[in-house]
Amino acid sequence: MTAQDSATRPIAIAPQAPIGSGSSGSSGTALAALGVLSFSFSFPATAWALSGFGPWTATGLRGAVAGLLAALCLAAARVPLPARRHWPGLLVVSAGCVLGFPLLTTLALRASSTAHSAVVIGVLPLATAAFSALRTGRRPSRAFWCAALAGAAAVLAFTLLQSHGRPTTADLYLFAALVVCAAGYAEGGRISRELPGWQVIAWAVVAALPVTVVTTALALPGEPAHPGVKALAGLAYTAAVSQLGGFVLWYRGMAAIGVPRASQLQLAQPLLTLVWAVLLLGEELPVAAPVTAVVVLVCIAVTQRARS
C-alpha cells in the first residue's frame, strides 16, 4: 500500500478487529511502551542541553533539527501532502507537542529539579484520555477511569512529597505544558488511525519549522551558547528521539490500541525518569519510589484489561 493510499482511502486500512485485540493489541502495547521509554529520557536530556544552551535556544534548535530530519524523511519517501481535513489536527500536534510542551518544560527545568518536573508526566495520561474522550465521543469504562485516577493520584502524591507539598513557580509552566501536550497527544493518536504515525509527527515538526528557525535565530544572540559534550548529546537526543523518533513509536501504538489505553502506559514514565535522573544527573532516589512503582504498575495492568 502506498503513502497516497493511506492518505486518501482511510477505510482501506481500518483494522478488521476491535482496537486492542489479538496480536495487533500486543504489538500496539509494545510500540507505545517503547515510546514511553524513549520519552522517559527527555527531561534528563533537556537538563544536559541546558548546560550549554539557553531555554529558548534549546527549544528552537530541538524543533529545527527535528524538522529538517523529518523533511528529509518525507522527501526520501516521496510522501504527498496530507489531505486538507488532516491539517487542523496536525497543527494542534505541532502547537502542543513540538512548540508548547518542549518550551514550557524547558523553562520549568531551569527552576525545578527533574524529579519534581515529572509531575507533569504523572497527570498527562489522565488529561490525554479526557481530551480523547471529548474529541472522539468515546467513553472509557468506569474501571478504566478508577484505575487511571488511582495511578495519577499515586504519581501526584509521590511528586508532591518530593517538594514537601509546596508548589514551585515552575508548576505554572508544567500545568500549561500538561494541557497543550495532552491535546497534541490525543489529536495525534486520532489522526494516526488514518495516516501512518511517523507521518503525523513528521508533518507536525515540519509545520513548526518557520517558528523554530526564527526562535533559534532570535534567541542565540541573547543566550550565548557554550556547547559541551553533554549539551550536544542532550540536544541531539531531544531533537532526534524526544521530538521525532519516540513519537513514531508512540503514535503507532496509540493507533493500534486506542488513545486512552496507550496514554495510561505513561504512568510509568515519571518513575523511569527518576531512575535516569539518578544515573545520569546524580539526583537522589526517593525512598517512596519502589512503593509508587508497584502502585503504578498495578494501575497500568488494570487499565490495559479494562474495556475502553
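Nothing here was measured: the structure is a model prediction, and the numbers come from that model.

### Overview of the packing of aromatic side chains
What describes a pair of aromatic rings is the distance from one ring centre to the other and the angle between the planes of the rings.
1) Next: Counted under the stated rule, the structure contains ten aromatic pairs.
2) Next: Ring centres of Phe41 and Trp276 lie 4.5 Å apart, and the angle between their planes is 10°; this geometry places the pair in the stacked category. Taken together, the residues span a long stretch of sequence, with Phe41 in the loop between α2 (22-40) and α3 (42-50) and Trp276 in helix α14 (residues 269-281) at a distance of 235 residues.
3) Next: Ring centres 5.8 Å apart and planes at 90° place the aromatic pair Phe144 and Trp145 in the edge-to-face group.
4) Next: When its relative accessible area of 0% is taken as the criterion, Phe144 is described as buried.

### As for the nonpolar core
In summary, soluble globular proteins display a tendency toward joint burial of nonpolar side chains.
1) Next: Val120, Tyr185, Ile201, Phe247, Trp250 and Tyr251 are the most contacted members of the largest nonpolar core, which totals 59 residues.
2) Next: Setting aside residues up to four positions removed in sequence, Ile201 forms contacts with Val93, Val98, Gln243, Leu244, Phe247, Val248 and Tyr251.
3) Next: Listed in part, the six residues of the second largest apolar core include Phe53, Ala58, Leu61 and Ala231.

### Points about empty space enclosed by the protein
1) Next: Counted by the stated rule, this structure contains two cavities of 30 Å³ or more.
2) Next: Volume-wise, the largest cavity comes out at about 160 Å³.
3) Next: In this structure, the largest cavity is lined by 17 residues; those nearest its centre are Phe39, Ser42, Arg62, Phe101 and Tyr185.
4) Next: Elements with a minimum of two residues in the lining of the largest cavity: α2, α3, α5 (87-111), α9 (170-191), α12 (229-257) and α14.
5) Next: The biggest single contributor to the lining of the largest cavity is α5, with four residues.
6) Next: Of the residues belonging to the lining of the largest cavity, the class tally is nine nonpolar, seven polar and one charged.
7) Next: Taken as a whole, the second largest cavity encloses approximately 50 Å³ of empty space.

Reading the values: the criteria
- Residues numbered from 1 in each chain as written.
- Predicted model: local features only at pLDDT ≥ 70, side-chain atom pairs only at ≥ 80, totals over all residues.
- Heavy atoms only, no water.
- Phe/Tyr/Trp six-rings, centres within 6.5 Å; stacked < 30°, edge-to-face > 60°.
- Helix = DSSP H or I, 4+ residues; strand = E, 2+ residues; numbered from the N terminus.
- Buried < 20%, exposed > 50% of the residue type's maximum accessible area, 1.4 Å probe, protein only.
- Core = buried A, V, L, I, M, F, W, Y, C linked by side-chain atoms within 4.5 Å.
- Contact = heavy atoms within 4.5 Å.
- 1 Å grid on protein atoms, 1.4 Å probe; cavity = no way out; pocket = protein on both sides within 12 Å on 5 of 7 lines; lining within 4 Å.
- Points joined across faces, edges and corners; volume = space filled by probe spheres on them.
- Nonpolar A, V, L, I, M, F, W, Y, C, P; charged D, E, K, R; others polar.

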